[in-house]
Amino acid sequence: MKRSMSLTVGLVLSGLLGLADLVSPLLGTDGPPVAVVVTGAVLGLGTIVGVGLGWPNRTRAGAVTIIVTRLLSALTAVPAFFVATAPSEAKVMAGVGIVLTLLCVALVAPALRARPVAVPA
């Protein structure tokens, strides 16, 4: 897969995960504490901003924003594995979210590499 194609896939997947984080407070399910849900929504909004920065011109700022917000969002899912009362569905969803986040980071991270600059002769 070409570099720009994999970056595009990473941006789309990141945007979808960010959107899922953003709308999760509206679902009102009996799940994580409110602070975790609100933090996830803020991080989801940050991810969407990063996608907006990274989409048209593939900026490093967009890639950095996406990577940081997605990794922090994945960290909010980790406690689900250690809470004894967490339902198994929550643990599965947390695992899927973490794996998808790592995929996003792997697809977006190459955008951080410095681009070669043409040197005039």
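This text follows the structure it describes.
Each value, and the rule that gives it
- Residues numbered from 1 in each chain as written.
- Predicted model: local features only at pLDDT ≥ 70, side-chain atom pairs only at ≥ 80, totals over all residues.
- Heavy atoms only, no water.
- Helix = DSSP H or I, 4+ residues; strand = E, 2+ residues; numbered from the N terminus.
- Buried < 20%, exposed > 50% of the residue type's maximum accessible area, 1.4 Å probe, protein only.
- Contact = heavy atoms within 4.5 Å.
- Areas by Shrake-Rupley, 256 points an atom, 1.4 Å probe, with all protein chains shown as cover.
- Expected span 1.5 Å × (residues − 1).
- Core = buried A, V, L, I, M, F, W, Y, C linked by side-chain atoms within 4.5 Å.
- Axes fitted to C-alpha atoms, helices over the stretch in contact; angles between N-to-C directions.
- Parallel < 35°, antiparallel > 145°, perpendicular 65-115°, else oblique.
- Left-handed = near helix turned anticlockwise from the far one by under 90°.
- Nonpolar A, V, L, I, M, F, W, Y, C, P; charged D, E, K, R; others polar.

A.B. asks: Would you mind showing me how to read the overall build of the protein here?
C.D. replies: Each helix and strand in the protein was counted, giving four helices and zero strands. Going through the 121 residues of the protein one by one, you find that 33% of them count as buried. The contacts in the protein between residues at least 6 apart in sequence include a share of 67% that link residues at least 24 apart. For the protein, the exposed surface amounts to about 7,500 Å²; the carbon and sulfur share of it is 76%.

A.B. asks: Would you explain helix α3 (residues 60-77) in this entry?
C.D. replies: Count 3.6 residues to each turn of an α-helix, and residues three or four apart come out pointing the same way. For α3, with 18 residues, the first-to-last C-alpha span of 26 Å sits near the 26 Å given by 1.5 Å per residue. Considered for burial, the residues of α3 that qualify are G62, A63, I66, I67, T69, R70, S73, A74 and A77.

A.B. asks: So what exactly am I meant to see when it comes to the nonpolar core here?
C.D. replies: The nonpolar side chains of a soluble globular protein tend to be buried with one another. Core analysis: the biggest nonpolar cluster contains nine residues, these being L7, L11, V51, A63, I66, I67, V105, V108 and A111. Of all elements in the fold, only α1 (3-27), α3 and α4 (88-108) reach the threshold of two or more residues within this core. Considering each element in turn, this core owes the most residues, three residues, to α3. If sequence neighbours within four positions are ignored, L7 has contacts with R58, L107, V108 and A111.

A.B. asks: Help me out: how do you make sense of the packing of helix α2 (residues 34-54) against α3 in this one?
C.D. replies: When two helices pack together, their arrangement is given by the angle between the helix axes and by the axis-to-axis distance. Close contact between α2 and α3 brings their axes to 8 Å; oriented N to C, the two are set at 160°. Viewed along their axes, α2 and α3 adopt a mutual orientation that is roughly antiparallel. The chirality of how α2 crosses α3 is left-handed. Residues V36, T39, L43, G46, T47, G50, V51, L53 and G54 of α2 touch α3, and the partners they reach there are A61, G62, T65, I66, T69, R70, L72, S73 and T76. Partitioned by chemical class, the residues of the contact of α2 with α3 number seven nonpolar, 10 polar and one charged.

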